[in-house]
Every structure is written in C-alpha cells, then in structure tokens.
Number of protein chains: 2
Amino acid sequence: MDTTQSTDQERSADRRRRELLEAADRVVLRDGPGASMNAIAAEAGITKPILYRHFGDKGGLYAALAQRHTDALLDSLRAALDAPAERRERVEATLDTYLAAIEARPQVYRFLMHPAEGGQPGGDQGFDVGKLSAPLLRRMGEELGKVIEDRLDLGPDSRRLARIWGHGIVGMMHAAGDWWLGERPCTRAELVRSMADLLWGRLAAAGDKVGGPGF
Amino acid sequence: MDTTQSTDQERSADRRRRELLEAADRVVLRDGPGASMNAIAAEAGITKPILYRHFGDKGGLYAALAQRHTDALLDSLRAALDAPAERRERVEATLDTYLAAIEARPQVYRFLMHPAEGGQPGGDQGFDVGKLSAPLLRRMGEELGKVIEDRLDLGPDSRRLARIWGHGIVGMMHAAGDWWLGERPCTRAELVRSMADLLWGRLAAAGDKVGGPGF
DNA sequence: ACTAAGATGTTACCTGCGGTAACGCGAGTC
DNA sequence: GACTCGCGTTACCGCAGGTAACATCTTAGT
C-alpha cells in the first residue's frame with residue numbers, strides 16, 4: 001500500500017546492519033584484527049551466512065567497519081585543521097588529534113591499518129600494485145592534500161606539490177605515531193612539537209656536528 | 001676425522017637453506033605475499049615438513065626472507081646517506097634510492113610491508129601493542145635516526161629529536177612512495193624534489209592563499 | 001481462507017590453509 | 001649386522017572463509 005511498509009523493511013534491514021556492525025566492532029576491539037567471522041556472528045547472536053548475506057564477504061564487512069571509524073577520525077582531523085588559528089597551531093592540533101585517537105584506542109587503529117590481507121589466489125597476477133597500503137592512510141593523505149592546496153599559495157605546481165605533501169605528512173604522522181605508541185619514548189606533546197619542528201625546516205637549519213666523520 | 005665432514009654437513013645445510021630461501025623468493029615474487037607454504041615447498045621441489053624443519057613456522061621463513069631484502073635495501077640507503085655531498089643532495093639521493101628500489105620490484109616491497117599478519121588466537125589479549133607496523137619501517141627509522149643524531153647538531157634534546165625525525169622521515173618516504181607507486185602522478189625526480197622541499201621548510205615558508213575561507 | 005513469494009535464519013558441508021605426527025630410507029659407525 | 005641420525009615422505013588435525021540446501025515466519029494477492 002503506502003510506502004511505510006517498504007521503508008519499515010528498509011529501516012529494519014538498515015538497523016540490522018548497524019547492529020551487526022556494532023557487534024563486529026565489539027569483537028574486533030576485543031580480539032584485534034583477524035577476528036573470525038564465526039566469532040562476530042556469535043557475538044551478534046546469529047550465524048555466519050547472515051553476515052555473508054549482508055556484507056558479501058569478509059572484505060565487505062571489514063570495509064564497512066573501517067569506513068565508520070575512518071569517517072569519525074577524519075571528522076576530528078578536519079575540525080582541528082579548520083580551527084581559526086595560526087598555521088603552526090593548526091598543524092600541531094591536527095597531529096595531536098591523530099595521536100590522541102590512536103593512543104585512546106590502539107585496537108581500532110591496528111585494525112584500520114591492517115586491512116585483512118585480501119587477494120585471493122589466481123588472477124592477481126601481473127603487477128597489479130593496487131591498494132598496497134591501508135585505505136585510511138590514502139584517504140587522510142588525499143584530504144590533507146586538498147586542504148593544503150586550498151589554503152596555501154604554492155606557485156605553479158601547487159596541485160602536485162600539495163598532494164605529495166599531504167601523503168608525505170600523513171605518512172610521517174603515522175610512522176612516528178606507530179613507533180611512539182610502541183615505545184613511548186616521550187610525551188605526546190613532545191612528539192607533536194618535534195614533528196612540527198621538522199616540518200618547519202629545522203632539519204635544513206641545523207648545523208653540522210663538529211668532529212663528524214669526514215666533513 | 002678431520003673437520004671437513006662437519007663443515008661439509010654444515011655447508012650442505014646452509015646451502016640447502018639458501019636454496020629454499022631462493023625458491024621462496026621466487027614464489028613470493030610471483031604470487032605476492034600470502035604465498036602458501038605448499039606452493040613454496042613445491043617450487044623448491046620438496047614438501048612442507050622440510051620447510052618447517054628449517055624455519056620453524058611461516059613467520060620464521062618470512063622473517064628470514066624479509067631480512068635478506070631488508071639488509072640489501074638498507075645497504076643501498078646507507079651508501080646514499082654516506083655519500084660525500086651537501087646535505088640536501090644526500091637527502092635527495094636517499095629518497096631516490098628508496099623510490100627506485102620499490103619501483104623496480106614492487107612485489108618485494110609489498111611483501112616487506114605486509115608481514116604475514118601473525119597473532120594466533122588466544123593469549124594475544126590485553127593491549128599488547130607490539131610490532132604494529134612492518135619491521136622494515138622500524139629498522140629504517142632507527143637507522144636514519146642514528147645517522148641524524150651522529151651528523152647533526154640539534155641542541156639539548158638531540159637524541160629524542162633525531163629518533164623522532166628518523167621515523168617521521170621514513171614514514172613520509174614510505175607513504176608518499178606507496179601512493180606514487182599506485183597512481184604515478186609524476187616522475188620520480190619530481191617526487192624527490194617535492195619531498196625535499198617539504199623537509200626544507202617550504203611548508204612553513206609558503207604564503208596564505210588570498211581569498212581563502214576566513215583568513 | 002488458501003496460496004505464492006520473499007526475507008530470515010538454520011545445519012551441514014566444501015576447500016584450502018598452517019602445522020604436525022608417524023613412518024621410510026640411505027649413509028655412516030661400532 | 002644392529003643402531004642411530006639426517007633427509008624425505010604420506011596422511012592427518014583443527015580452523016578459517018565461504019556456500020548450498022533446507023526450515024520458517026511474515027506479508028501480499030485472489
């Protein structure tokens with residue numbers, strides 16, 4: 001009759017999907033990535049085939065799960081990036097936001113950076129070289145690149161330069177954050193300051209060490 | 001009798017090990033990471049248990065394999081880093097060396113950055129947060145950190161700063177290289193120049209864009 | 001009211017993986 | 001000749017991802 005029924009069904013299916021995702025989230029948060037489909041289904045109170053009907057395969061579920069977290073994190077980062085402040089302050093705020101996020105929920109972070117391996121045997125041949133690294137890194141790199149291009153005046157090659165810097169800075173943040181999370185060699189604030197110093201050219205400005213090997 | 005026998009045996013075992021590693025290398029190069037132990041054993045003309053006797057488990061084999069390539073790449077990088085030239089030239093040479101390596105053999109690169117997932121079910125609980133990212137990244141970060149600390153005069157916090165920068169720069173190189181390898185948005189030389197520009201403080205020096213949103 | 005359709009859920013199974021136990025066999029040693 | 005010991009095999013276990021086939025309950029059509 002009216003559309004309420006179809007919308008009800010639609011809503012029901014959608015709600016179910018969200019419930020499943022939340023269950024999956026709990027399991028991944030508890031068991032880390034590599035959580036089995038069986039475990040996730042059990043947590044959701046159902047059995048495997050339902051998961052497969054909703055998400056196709058494990059990659060689909062993980063992609064859906066990853067997108068939720070990625071979107072959330074990207075929102076935080078955009079907020080820090082858009083704050084009304086000096087450029088250096090904004091950069092530091094963005095770095096700090098990212099680090100705070102991975103510090104608060106390392107399991108989620110680990111899951112986002114380690115997306116399920118993928119690649120079934122057969123057909124993958126011949127230098128495919130697609131989706132090498134985590135989608136989150138790519139998305140963050142692209143976003144930052146856009147922001148840089150929008151905000152900064154970089155001369156003729158502005159577009160190319162901005163994208164390269166976007167991916168580069170995100171990679172720097174990621175690698176340093178990963179190492180820091182493992183070894184905790186200093187406070188978060190120190191790490192943020194040090195990285196900002198690097199981006200502000202202190203590497204180029206530093207003097208050679210006296211008595212160095214050969215020069 | 002004399003030691004020739006034991007040395008012969010030793011040599012034999014060692015040679016076997018090398019043969020197996022080379023076979024594994026071929027398979028990984030062909031099938032990418034995720035190559036099965038069966039496939040590797042078949043390529044070597046033997047069966048699985050022999051692999052397990054030599055390397056313990058899949059992680060052991062992959063670790064041995066990874067170390068060969070990692071050592072080779074690190075040697076190249078050290079050479080570029082130690083060249084007698086201006087700092088900027090050395091930085092560019094190092095970046096270029098890395099990019100040339102991943103460009104020449106993307107499958108190897110992919111394998112090195114995607115180390116086997118690990119983590120058997122059970123016991124892994126409770127915020128372990130170890131070995132999050134690829135060992136190659138860590139090693140490169142540490143090495144670069146040492147070089148920076150040795151060469152540059154960074155004031156009081158020299159040690160901390162150098163390590164942070166080491167990991168950060170390596171991460172920048174990795175992420176930008178990964179993205180570049182996938183999309184090929186520019187030449188290698190352009191990428192190298194752009195990254196060096198970033199490290200040389202062009203981000204801080206750039207002017208705000210006129211007509212930007214709000215400032 | 002009876003039936004047809006379709007979503008929702010199940011059990012039971014297939015394939016392929018990492019990993020291992022048990023056995024076979026040839027070469028040296030006493 | 002018996003004993004061991006390195007090298008190799010077959011056959012198997014457990015568990016993962018993924019699927020086929022069956023059961024069920026709701027809803028629509030006549």
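Here the structure is shown first, and the text comes after it.
Since the model is a prediction, treat every value here as computed from it, not as a measurement.

A. Examining helix H9 (residues 188-199) of chain A more closely. Residues and elements named next belong to chain A. Compared with an ideal rise of 1.5 Å per residue, which puts twelve residues at 16 Å, H9 spans 17 Å between its outermost C-alpha atoms and is within 8% of the ideal. Within H9, burial applies to Leu 191, Val 192, Ser 194, Met 195, Ala 196, Asp 197, Leu 198 and Leu 199. At the exit of H9 stands Gly 201, carrying a positive phi of roughly 90 degrees.

B. Structural context of the interface of chain A and chain B. Taken together, the contact between chain A and chain B spans 61 residues of the former and 62 residues of the latter. The junction of chain A with chain B conceals about 6300 Å² of combined surface from both sides, 60% of it contributed by carbon and sulfur atoms. At the surface where chain A touches chain B, the tally comes to six salt bridges. Across the pair Asp208(B) and Arg87(A) runs a salt bridge whose closest N-O atoms are separated by 2.9 Å. Listing elements by their share of the side of chain A that touches chain B, those giving two or more residues are helix H5 (87-104), helix H6 (106-113), helix H7 (135-151), strand E1 (152-153), helix H8 (158-183), H9, helix H10 (202-205) and strand E2 (207-208) of chain A.

C. Region of interest: H8(A). Residues and elements named next belong to chain A. The terminal C-alpha atoms of H8, which comprises 26 residues, lie 37 Å apart, in line with the 38 Å expected from a rise of 1.5 Å per residue. Burial of H8 is extensive: 23 of the 26 residues sit out of reach of the surface. A positive backbone phi angle near 50 degrees is found at Arg 184, which sits one or two residues after H8.

D. Inspection of the packing of helix H4 (residues 58-82) of chain A against H6(A) at higher detail. Residues and elements named next belong to chain A. Here H4 crosses H6 at 125 degrees, and the two axes come no closer than 10 Å. On the basis of their axis angle, the class for H4 and H6 is oblique. By crossing handedness, the relation of H4 to H6 is classed as left-handed. In contact with Tyr 62, Leu 65, Ala 66, His 69 and Thr 70 of H4, H6 contributes Val 108, Phe 111 and Leu 112. In terms of residue class, the contact of H4 with H6 is made up of six nonpolar, two polar and no charged.

Rules of the game
- Residues numbered from 1 in each chain as written.
- Chains lettered and ligands numbered in written order.
- Predicted model: local features only at pLDDT ≥ 70, side-chain atom pairs only at ≥ 80, totals over all residues.
- Heavy atoms only, no water.
- Helix = DSSP H or I, 4+ residues; strand = E, 2+ residues; numbered from the N terminus.
- Expected span 1.5 Å × (residues − 1).
- Buried < 20%, exposed > 50% of the residue type's maximum accessible area, 1.4 Å probe, protein only.
- Contact = heavy atoms within 4.5 Å.
- Buried area = accessible area lost by both parts, 1.4 Å probe.
- Salt bridge = Lys/Arg side-chain N within 4 Å of Asp/Glu carboxyl O.
- Axes fitted to C-alpha atoms, helices over the stretch in contact; angles between N-to-C directions.
- Parallel < 35°, antiparallel > 145°, perpendicular 65-115°, else oblique.
- Left-handed = near helix turned anticlockwise from the far one by under 90°.
- Nonpolar A, V, L, I, M, F, W, Y, C, P; charged D, E, K, R; others polar.

The values reported here are purely geometric and, on their own, carry no functional implication.
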